[in-house]
Amino acid sequence: MKTYAVVISLSKAHHQNHTSKVYCLRLKHQGNLEEARPCGHPFRLHAEGNRFIIRNDFLRDEAIDVGKVIIIVLSSNGCRYLSNTDYHLSIPRIMQGIRFDNLQSAVAYRGIKEAFPYATIYNSSIGQNSPGPNQKHALVSVHEISLKDNNLEAVTRLRERISINNRSRNDFQNSSIQEKKLSIRKPMSEEDVGDLILISFDSDGQSPYWGTCAGILLSGVSTEPKHYKMDSCPRGHCLIINNMSFDDEELNRQCAIHDEQNLHALFENDLHFLVHIVNDLQNFQMEDICTEYSKYDHSKFDAFVCIVMSHGDIGDKIIGVKGRTIGIEQLMSKFTAKRCPSLANKPKVFFIQACRGPAEDEFFTQSKDHKDYVAGLTCDSTLARCISSCLQESDFLLGFATVPGYVAYKQTNYGSFYMQALTDIIKSNHRRYHLEEMLVEVNNSVSDKCNQVPAKHSTLRGKVFL
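Residues numbered from 1 in each chain as written. Predicted model: local features only at pLDDT ≥ 70, side-chain atom pairs only at ≥ 80, totals over all residues. Heavy atoms only, no water.

Going by the annotation in an unreviewed UniProt entry, the name recorded for the chain is Caspase-8, with Acropora cervicornis given as the source organism.

As structure tokens, this is what we get:
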């Protein structure tokens, strides 16, 4: 039988965080998911092969997170995942339906003694001897939470100090030895349950049974950097501008076709963007197409990506095929919240393959054919001015192939070092690392191969998982 459920917790199965246990609640609804109400006991989701330990790569690919409404199949072998929906439920709505006994409403206990009356706190750990707890899950109200050594340390409303294994995956991972205090909302009254943790006892036949933290439900602001929403399919538009054939034939850069093909495959097949490629544009045509894309309705998408590959000039100018230039800031400014409101609060990512001046590393020289630099006798860059004057707002990331004043190298039969590293590293790591982490690896890869160092400037307010 098919039915709907909402995810309430994703618990780490082990410290490497390669797999998780997913807990859900069934939903009651009258044909309208917007009015659906969570109900019943938490249950564990099963994947292929009837396994309840689910690979995190699968969870990321399916965009499953806390609050996501999913479709499941109920059978005698358990509750198996079928497909996803576009709906999310807020924590307050989820809380209205959680129950761990025969009551018809949520139960939030003030402490361990109330939730598990037969359990004992051993040196802050929660244990219970055989025959095991009658109740395997409970919500416990807390007014202090810290993460340390992959453990959750908390003080309950009954002033009990507990330290238990933290299996919560949702924004509250911590493998550092340093203590990290979470920002939680203080209860406004005795009736206000405040913020909660979901404590679970795994029934594995061992004695004693040990409690673990399977979820952290906070209404306050987390100290962890936020993640941008990135679960739409397609993710958004990816515009690729690739100038290869110039009026001055000595400037032709036909090897860039390799970069174009690799980027097309990456963003369309692996990252699920709508890719549009345009070639050999003049300066005003580059501005026109960015203006065109800024007028699109991006409401159903989560991000926008623009990649420009051409020759460059001092002052962070991009050279068109007839030799005239346009500033990068002119292209980026088309996508500010004022000019493109449907991309407000969404990541806007720009990657630029072009030189930023004539300087070369003294340990690495190539002929002119291997550079994307054309004009200029001195080194200069307006990157800082571009960001400060034109983009006085958040959610932009600008990635350059090289630092200000220096050339950017490419290989005749292979494409550019920067785009080669960018595509290879994102393709291999996008399910595990966020974008800015991957760009550090791009820097390492490029600098190891050609003594060229990429550079970025970011006003992102959270992590971007492509």
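The six strands are arranged β18-β17-β19-β23-β24-β27 in an open sheet whose pairing can be described as mixed. Looking at strand neighbours, the two that pair on one side only are β18 (274–279) and β27 (455–458), the edges of this open sheet. Across the sheet, the mean angle separating the axes of adjacent strands is 10° when strand polarity is ignored. When strand β23 (residues 348–353) meets strand β24 (residues 396–400), the two strands line up parallel, connected through five bridges. Paired with V349 across the bridge in β24 is L397. Sheet strands in contact with helix α5 (residues 283–294) are β17 (236–242), β18 and β19 (303–309), and its direction is about 175° off that of β17. (Pairing = 2+ DSSP bridges. Helix = DSSP H or I, 4+ residues; strand = E, 2+ residues; numbered from the N terminus. Axes fitted to C-alpha atoms, helices over the stretch in contact; angles between N-to-C directions. Contact = heavy atoms within 4.5 Å.)

Bringing the pairing of β17 into the picture now. Counting buried residues along β17, seven of its seven residues qualify, which places the element largely inside the surrounding structure. The sheet contact formed by β17 and β19 spans seven bridges and is parallel. Note that in β19 the partner of G236 across the bridge is A303. Sheet topology places β17 next to β18; six bridges connect them, and they run parallel. Within β18, the residue paired with I241 across the bridge is V278. The parallel pair β17 and β18, bridged by helix α4 (residues 256–270), forms a crossover whose chirality is right-handed. (Buried < 20%, exposed > 50% of the residue type's maximum accessible area, 1.4 Å probe, protein only. Right-handed = clockwise from strand over helix to strand, strands pointing away.)

Counting 38 residues, the largest nonpolar core has F267, I307, F351 and L435 as its most contacted members. Put simply, the parts of the chain that give this core at least two residues each are β17, α4, β19, β23, α8 (417–429) and α9 (435–450). The residues touching F267, leaving out its near neighbours within four places in the chain, are C238, H272, F273, V275, V305, I307 and F351. The next biggest cluster of nonpolar side chains, apart from the first, holds 25 residues, and it includes L239, C306, L331 and F400. (Core = buried A, V, L, I, M, F, W, Y, C linked by side-chain atoms within 4.5 Å.)

The peptide bond linking C233 to P234 adopts the cis configuration, its omega dihedral lying at 5°. One can find P234 in the loop between β16 (226–227) and β17. The backbone of N123 sits at a positive phi, close to 50°, despite the residue not being glycine. Position of N123 among the secondary structure elements: in the loop between β8 (120–122) and β9 (125–128). On the basis of relative accessible area, N123 is assigned to the exposed category, the value being 78%. Unusually for a residue other than glycine, N345 sits at a positive phi of about 65°.

Bringing the packing of aromatic side chains into the picture now. If you walk through the whole model with that rule in mind, you get nine aromatic pairs. Where F58 meets Y81, the ring centres are 5.6 Å apart and the plane angle is 90°; that geometry is what we call edge-to-face. One end of the pair, F58, is in helix α1 (residues 56–61); the other, Y81, is in strand β6 (residues 78–88), with 23 residues separating them in the sequence. With a relative accessible area of 7%, Y81 lands in the buried category. Between Y293 and F304, the aromatic rings sit 6.4 Å apart at their centres with planes inclined by 45°, giving tilted as the arrangement. In this pair, Y293 sits in helix α5 while F304 sits in strand β19, placing the two residues eleven residues apart along the sequence. F304 carries the same exposure label as Y293, and that label is buried. Taken together, the ring pairs connect Y293, Y296, F304, F335, F350 and F396 into an aromatic cluster. Cation over ring: K348 sits above F396, and NZ or CZ is 5.1 Å from the ring centre. (Phe/Tyr/Trp six-rings, centres within 6.5 Å; stacked < 30°, edge-to-face > 60°. Lys NZ or Arg CZ within 6 Å of the ring centre and 35° of its normal.)

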